[in-house]
Every structure is written in structure tokens, then in C-alpha cells.
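Observations on the model geometry
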Amino acid sequence: KRQIYVNGDGVSKDYTAAQKWFKLSADQSTALAQFNLGLMSNHGHGVPKNDERAVYWYRLAAEQGHSLAQVNLGISYFKGQGVAQDYLRAIQWYKKAAEQDNTRAQFNLGWMSYKGLGVPLDKKLAYMWWTVAASSGDKRAKGNLAAMEEEMLSTDIEEAERLAKECIAKSFQG
């Protein structure tokens, strides 16, 4: 019933009604409902836009292992949106989502490694994460890999590709 109101499936789109139903589920610790309340708070759908409230709901869902909430919580820490900017916490949440094969988290870990944000700059590690994300079809990661081939030695690329295969074999725990 909750998602019906968000999407307008067979009923008029009604974010207020959706928020009511999500809240009832969220209060029963339903991670998907908590995540959706985070999205609604983040975008101001049915509730006033409130980044701190979005982080609250994302955190509840993320702590239950909801990978999209983990990514969004990581993004909040990365941007300092609703929380103090903290690259290390962003990386922690991205890693949790990446271990669940979340390609956006894998891409973001590659970006942070490439730029040295919260971790030492490491192009091999960036290449590894982007290879992992690309293996699941992430087009941005594929484009970054092509660009990086001009920046890296072939031996470093081979090492990064080996690390990516190991990461995938170990269920994305790079």
C-alpha cells in the first residue's frame, strides 16, 4: 500500500499517505520503509526537506544491512549533508554496501581512492573498485577504466585486475 501512493499505481500520487504508511512500517523496524522515509526527507516529498531527518532514517535502515541506505548514508557523510563531512565514515558505509555488490558504492570507493579522499591516493585500488563495478555493468566505471589505462603502467593494471578478481571471489570484500 505504501509504494502505491509514491508511484501512483491505481491511485493518485499521494506522498502524505505514503509517508503515513511508511512511518507505520518504519516504526516496526522495516528497513525498506525507513529507507523510503529517508528518501522522502532527502527530497522533500510529503514532508519538509530535512537532511538531518534523512540521515536518521538512512542510518536505521543501513544498520539493518539495507545497501541503498548504506550508500545514501555514505553520500551524506561524503557531502556533509545532514551530518558533518567525514570521508572515513563515508568509506565505512560504502564498504558495507559494496560487500553486497552495490555498484554505486563500488564506484564511489574507486573515486575516493583515485582522489585520495579519506584514504591515501591509490590508483591501483581505484582501478580495482572500478573494475568490480564495471563487471556489474556500471558505465561510469567502464569510462574511468578506459581513461586510467593512459595513466597507469600495464603491470599496475594487471595487479589491479587480479585484485578485482580476488575481491569478487571473496564476495566484494576488497
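Notes on the structure in this doc start here.

Cut-offs and rules
Residues numbered from 1 in each chain as written. Predicted model: local features only at pLDDT ≥ 70, side-chain atom pairs only at ≥ 80, totals over all residues. Heavy atoms only, no water. Helix = DSSP H or I, 4+ residues; strand = E, 2+ residues; numbered from the N terminus. Buried < 20%, exposed > 50% of the residue type's maximum accessible area, 1.4 Å probe, protein only. Axes fitted to C-alpha atoms, helices over the stretch in contact; angles between N-to-C directions. Parallel < 35°, antiparallel > 145°, perpendicular 65-115°, else oblique. Left-handed = near helix turned anticlockwise from the far one by under 90°. Contact = heavy atoms within 4.5 Å. Nonpolar A, V, L, I, M, F, W, Y, C, P; charged D, E, K, R; others polar. Phe/Tyr/Trp six-rings, centres within 6.5 Å; stacked < 30°, edge-to-face > 60°. Lys NZ or Arg CZ within 6 Å of the ring centre and 35° of its normal.

1. Here we look at unusual backbone geometry
- Backbone geometry places Ser 29, a non-glycine residue, at a positive phi of 65 degrees.
- With respect to the helices and strands, Ser 29 occurs in the loop between helix 2 (15-26) and helix 3 (31-43).
- Taking relative accessible area as the criterion, Ser 29 reaches 44% and is therefore assigned partly exposed.
- Although it is not a glycine, Asp 101 adopts a positive phi angle of roughly 65 degrees.
- The partly exposed category is assigned to Asp 101, whose relative accessible area is 32%.

2. Some details on the packing of helix 4 (residues 51-63) against helix 5 (residues 67-79)
- The geometry of helix 4 relative to helix 5 is characterised by a closest axis approach of 8 Å and an angle of 135 degrees between their N-to-C directions. Considering the angle they form, helix 4 stands oblique to helix 5. In this structure, the crossing between helix 4 and helix 5 has a hand that is left-handed. Counting all contacts with helix 4, which are made through Val 55, Tyr 58, Arg 59, Ala 61 and Ala 62, the residues of helix 5 involved are Ala 69, Gln 70, Asn 72, Leu 73, Ser 76 and Tyr 77.
- Partitioned by chemical class, the residues of the contact of helix 4 with helix 5 number 7 nonpolar, 3 polar and 1 charged.

3. Comments concerning the packing of aromatic side chains
- Tallying each qualifying case throughout the model produces 6 aromatic pairs.
- Considering the side-chain rings of Phe 35 and Tyr 58, the 6.0 Å spacing of their centres and the 35 degrees angle between planes classify their relative orientation as tilted. Taken together, the positions of Phe 35 in helix 3 and Tyr 58 in helix 4 put the pair 23 residues apart, joining distant regions of the chain.
- Taken together, the aromatic side chains of Phe 107, Trp 111, Tyr 114 and Trp 130 make up a single cluster linked through ring pairs.
- Seen from the ring of Trp 93, Lys 96 lies directly overhead, with NZ or CZ sitting 5.7 Å from the centre.
- For Arg 140, the ring lying beneath its charged end belongs to Phe 107, and the centroid distance is 3.7 Å.

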